[in-house]
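Breakdown of the fold
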Amino acid sequence: LQEIARHFVEAGDMERAFPHVVAAGEGSARSMALSDAIRFFNTALENIPAGADPELVVRAHDGLGVAYTLVPELTQSEATYQRLVDYADSAGQPSAKVTALNRLAMSTATLSGDLAGARVYLDNARALATEVGDDLGLAQYHMNACTIAGLGGDIETSALHDEETARWGKKLGVEELRIEGLTRLAENTVWLMDFDRAVPAVEEAVEAATQAGSEHHIAVLNGLAVSRLKMREGDIESALRLTVEAGATLERYASFFTPLAHWLAAHL
């Protein structure tokens, strides 16, 4: 993909290059080659041909914003999502605007700690998604609302959003979204020490993540949920081993949960 994209760009044929450049950016992002991903996405967005597929334009904006978040260059990420809002308005793409508002909520919360501002973006995302029937946007709203509620210390509300994320993921047939909701629900119910809910939640999430072969979600579960259940049983050595191993895996994914795993390992 990268070579095809490069050849078309060098030939100055951006109409044919555009989809390949976006795909090359997505491929680089999946392999965590973030500098390459940023370069490809910027190339695409700086050379959008007339009549470009709006879905590809949205994917380029969203991919660039995610890549900047993972670097992290959160100011650039926020600016990218604001440009996506502007594009969505001009192109009449309300679902793209829902995506941008959801992403802006997260970048606002993590960049400046402005949880009130983040909730405004979330509320706007939910209202627009409901208005236009964007079910995937609603699912993403609940996933982001979980994180922002957790950052504000409201773990019970965070867990409620986790349940909704998992429910929407199942309804939409988006397994990755369902597993994300189940994983966060397991972690949050353990954190609440609500073990009547936590034990079956952990078991369900581990089964789903294992069946999907999701190394990232398995690491989150082992490092932040299964390990705490081991602590509850008094098996500190197993808890520490799980948490240290999970932390190393989460680092490779530049995961949001990495510092939590390292904190728990230090505590253990």
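Higher on the page you've got the structure.
Right, let's walk through the structure included here. Starting afresh in each chain, residues are numbered from 1 along the sequence in its written order. Confidence filtering applies because this is a predicted model: local features only for residues at pLDDT of at least 70, side-chain atom pairs given and counted only at 80 or more, and all residues used for totals across whole chains, interfaces and linings. Hydrogens and water are ignored here; the side-chain numbers use all heavy atoms of the structure.

**Concerning the pattern of salt bridges**
Side chains that differ in sign of charge can pair as their charged atoms come close. Under the convention used in this document: Salt bridges are counted wherever a side-chain nitrogen of Lys or Arg sits within 4 Å of a carboxyl oxygen of Asp or Glu. Helix and strand definitions here come from DSSP, where helices need a minimum of 4 consecutive H or I residues and strands a minimum of 2 consecutive E residues; each element is numbered from the N-terminal end.
Within the structure shown, the criterion is met by 14 salt bridges. Linking Arg 126 and Asp 123 is a salt bridge whose minimum nitrogen-to-oxygen distance equals 3.7 Å. One end of the pair, Arg 126, and the other, Asp 123, are both in helix α7 (residues 115-132), three residues apart, so they sit about a helical turn from each other. As a salt-bridge pair, Arg 228 and Glu 187 come within 3.4 Å of each other at their nearest N and O atoms. Here Glu 187 lies in helix α10 (residues 175-191) and Arg 228 lies in helix α12 (residues 215-232), a separation of 41 residues in the sequence.

**Comments concerning the side chain of Thr 249**
To keep things clear, this is the line we draw: Exposure classes here rest on a 1.4 Å probe applied to the protein chains alone. A residue is buried below 20% of its type maximum, exposed above 50%, and partly exposed in between. The contact criterion used is simple: two residues touch if any of their non-hydrogen atoms lie within 4.5 Å.
Relative to the helices and strands, Thr 249 is located in helix α13 (residues 236-252). By relative accessible area, which is 15% here, Thr 249 ends up buried. With sequence-adjacent residues up to four places away left out, Thr 249 is seen in contact with Glu 215 and Ala 219.

**Quick notes on a nonpolar patch on the surface**
The condition is simple: Like-charged residues within 9 Å of one another, or nonpolar side chains (Val, Leu, Ile, Met, Phe, Trp, Tyr) within 5 Å, are grouped into patches, provided each residue has over 30% relative accessible area and no salt bridge. Computed with the Shrake-Rupley method and a 1.4 Å probe, the accessible areas treat only the protein chains shown as cover for residues.
Among the surface-exposed residues, Leu 136, Leu 172 and Val 174 lie close enough to one another that they form a single nonpolar patch of about 190 Å² accessible area. Take Val 174: it is sitting in the loop between α9 (155-172) and α10. When its relative accessible area of 31% is taken as the criterion, Val 174 is described as partly exposed.

**A short note on the layout of surface pockets**
Test applied: A pocket here means an open set of points on a 1 Å grid, computed over the protein atoms alone, that has protein on both sides within 12 Å along at least five of seven lines. A cavity is instead a set of points where a 1.4 Å probe fits but cannot get out; residues with an atom within 4 Å of a point line either one. Grid points are joined across faces, edges and corners, and a volume is the space filled by probe spheres set on the points. Residue classes follow a fixed rule: Ala, Val, Leu, Ile, Met, Phe, Trp, Tyr, Cys and Pro count as nonpolar, while Asp, Glu, Lys and Arg count as charged, and any other residue, Gly among them, counts as polar.
Considering only enclosed or pocket space, the largest pocket measures out at about 2,000 Å³ in volume. Every residue lining the largest pocket is counted, 48 residues in all, and those nearest its centre are Val 66, Leu 70, Arg 103, Met 143 and Glu 176. Looking at the lining of the largest pocket, the elements with two or more residues in it are α2 (14-30), α4 (54-70), α5 (74-91), α6 (94-112), α8 (135-151), α10 and α12. With nine residues, α6 is the largest single contributor of residues to the lining of the largest pocket. Of the residues in the lining of the largest pocket, the class split is 22 nonpolar, 16 polar and ten charged. If you add up the space inside the second largest pocket, you get close to 300 Å³. When residues of the lining of the second largest pocket are traced back to their parent elements, those giving at least two are α8, α9, α10 and α14 (258-267). Of the residues belonging to the lining of the second largest pocket, the class tally is eight nonpolar, four polar and three charged.

**Comments concerning α8**
To keep it simple, the criterion reads: Multiply 1.5 Å by the residue count of a helix minus one, and that product is the helix's expected span.
A rise of 1.5 Å per residue sets the reference length of α8, with its 17 residues, at 24 Å; its end C-alpha atoms lie 25 Å apart and thus fit the reference within 8%. Most of α8 is tucked away: twelve of the 17 residues are buried. Taken together, the buried positions of α8 are occupied by Gly 137, Leu 138, Ala 139, Tyr 141, His 142, Met 143, Asn 144, Ala 145, Cys 146, Thr 147, Ile 148 and Ala 149. Here the buried face of α8 lies against α6, α7, α9 and α10. Just past α8, the residue Gly 153 takes up positive phi, approximately 85°.

**Points about unusual backbone geometry**
Backbone geometry places Met 32, a non-glycine residue, at a positive phi of 65°. By secondary structure assignment, the location of Met 32 is in the loop between α2 and α3 (34-46). With a relative accessible area of 31%, Met 32 lands in the partly exposed category. Even without a glycine there, the phi angle at Met 193 is positive, about 60°. Looking at the secondary structure, you find Met 193 in the loop between α10 and α11 (195-212). The class for Met 193 is exposed, based on a relative accessible area of 61%.

**Some thoughts on the packing of α8 against α10**
Selection rule: All axes are obtained by fitting lines to C-alpha atoms, using only the stretch in contact for helices, and the reported angles, taken between N-to-C directions, cover 0 to 180 degrees. Just so you know how the angles are binned, under 35 degrees is roughly parallel, over 145 roughly antiparallel, 65 to 115 roughly perpendicular, and the rest oblique. When the near helix sits turned anticlockwise from the far one by under a right angle, the crossing is termed left-handed; a clockwise turn instead gives a right-handed crossing.
One way to put it is that α8 packs onto α10 with a least axis distance of 11 Å and a crossing angle of 25°. The angle between α8 and α10 places the two elements in the roughly parallel class. In the packing of α8 onto α10, the handedness of the crossing is left-handed. Contacts from Leu 136, Ala 139, Met 143, Cys 146 and Thr 147 in α8 reach Leu 177, Glu 180, Arg 184 and Asn 188 in α10.

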